[in-house]
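# Working through the structure, step by step
Residues per chain, in single letters:
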Amino acid sequence: MALLAFLDRGPTHGFALKQSYDSLLGGDRELKGGQVYSTLARLERDDLVRGVDVVRGSGPDRKVYAITERGVSELEAWLAAPVESTTGRPGVIFTRVVLALVAHLDPAELLDQQRRAFVQRSRQLMKTPAADVVDALAVDYEIAHLEADLRWMEAAVGRLPELRSMVDGAVPASTRTPRTAGGSAP
């Protein structure tokens, strides 16, 4: 969809699309050239883009692509469709809390360690000046997610006794004694 959006601005070649993507969305994960061209081939096969010209220069010839009417419709439908929330599906931290209880570890320690890491990451993000508005918006997004995770961790600590009872009721009793996160018995 990113390539379709860039092509919606006007016809261009694959290398320019890669540069635009890397500049605005790549961050520290730039697109591979081969990925751009294989995606353009699929988009052309599906009648979402079409080759309209070939630019000859000092290097290899560059095929110029344009978005089709079908491509515009697909892009607009994709942009208009709400993104499905990832909330409602347990994340890695949730899974670790439950498994810590199963393994007779103290999940409060795990949550404390995770909280410290997230607070440190938030502070680091707030101190680092954004290179541009795209970078600033990406940093705002990450900070908002870190803050949401921190709020969830606070709620989780309050529910640990109830969760411990539920886990103990759902998992067969163990002969092992409870341990701390460091692995030793309390």
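Anything mentioned here points back to the structure above.
Residues numbered from 1 in each chain as written. Predicted model: local features only at pLDDT ≥ 70, side-chain atom pairs only at ≥ 80, totals over all residues. Heavy atoms only, no water.

This part takes up the sheet that holds strand β1 (residues 12–13). What links the strands of a sheet is backbone hydrogen bonding, and the strands pair in either a parallel or an antiparallel sense. Spatial strand order, β1-β3-β2: three strands in an open sheet with antiparallel pairing. Strands with a single pairing partner mark the edges of an open sheet, and in this sheet they are β1 and β2 (49–55). Strands β2 and β3 (62–67) of the sheet are contacted by helix α3 (residues 33–45), whose axis makes an angle of about 125° with β2. (Pairing = 2+ DSSP bridges. Helix = DSSP H or I, 4+ residues; strand = E, 2+ residues; numbered from the N terminus. Contact = heavy atoms within 4.5 Å. Axes fitted to C-alpha atoms, helices over the stretch in contact; angles between N-to-C directions.)

Let us look at the nonpolar core. Leu3, Leu4, Leu7, Leu17, Leu40, Leu43 and Val49 are the most contacted members of the largest nonpolar core, which has 15 residues in total. Of all the secondary-structure elements, those providing two or more residues to this core are α1 (2–8), α2 (14–26), α3 and β3. In this structure, Leu17 is in contact with Leu3, Phe6, Leu7, Thr12 and Leu40, ignoring residues within four places of it in sequence. (Core = buried A, V, L, I, M, F, W, Y, C linked by side-chain atoms within 4.5 Å. Buried < 20%, exposed > 50% of the residue type's maximum accessible area, 1.4 Å probe, protein only.)

Relative orientation of the contacting elements helix α5 (residues 92–102) and helix α6 (residues 107–127) amounts to 155°, with a least axis distance of 9 Å. The angle between α5 and α6 falls in the class roughly antiparallel. Crossing angle aside, the handedness with which α5 passes α6 is right-handed. Judged by residue contacts, Ile93, Arg96, Val97, Ala100 and Leu101 of α5 engage Pro107, Leu110, Leu111, Gln114 and Phe118 from α6. Taken together, the residues that form the contact of α5 with α6 break down as eight nonpolar, one polar and one charged. (Parallel < 35°, antiparallel > 145°, perpendicular 65-115°, else oblique. Left-handed = near helix turned anticlockwise from the far one by under 90°. Nonpolar A, V, L, I, M, F, W, Y, C, P; charged D, E, K, R; others polar.)

The tally for this structure, following the rule as stated, stands at seven salt bridges. Between Glu44 and Lys63 there is a salt bridge; the shortest N-O distance is 3.1 Å. Of this pair, Glu44 sits in helix α3 while Lys63 sits in strand β3; the two residues are 19 residues apart in sequence, bridging distant segments of the chain. Taking relative accessible area as the criterion, Glu44 reaches 28% and is therefore assigned partly exposed. The exposure class assigned to Lys63 is partly exposed, which follows from its relative accessible area of 35%. Among the salt bridges present, the one from Glu142 reaches Arg121, with a minimum N-O distance of 2.8 Å. Highlighted residues: Glu142 in helix α7 (residues 133–170) and Arg121 in helix α6, separated in sequence by 21 residues. Given the relative accessible area of 30%, Glu142 is considered partly exposed. One connected set of salt bridges, linked through shared partners, spans Asp112, Arg115 and Glu154. (Salt bridge = Lys/Arg side-chain N within 4 Å of Asp/Glu carboxyl O.)

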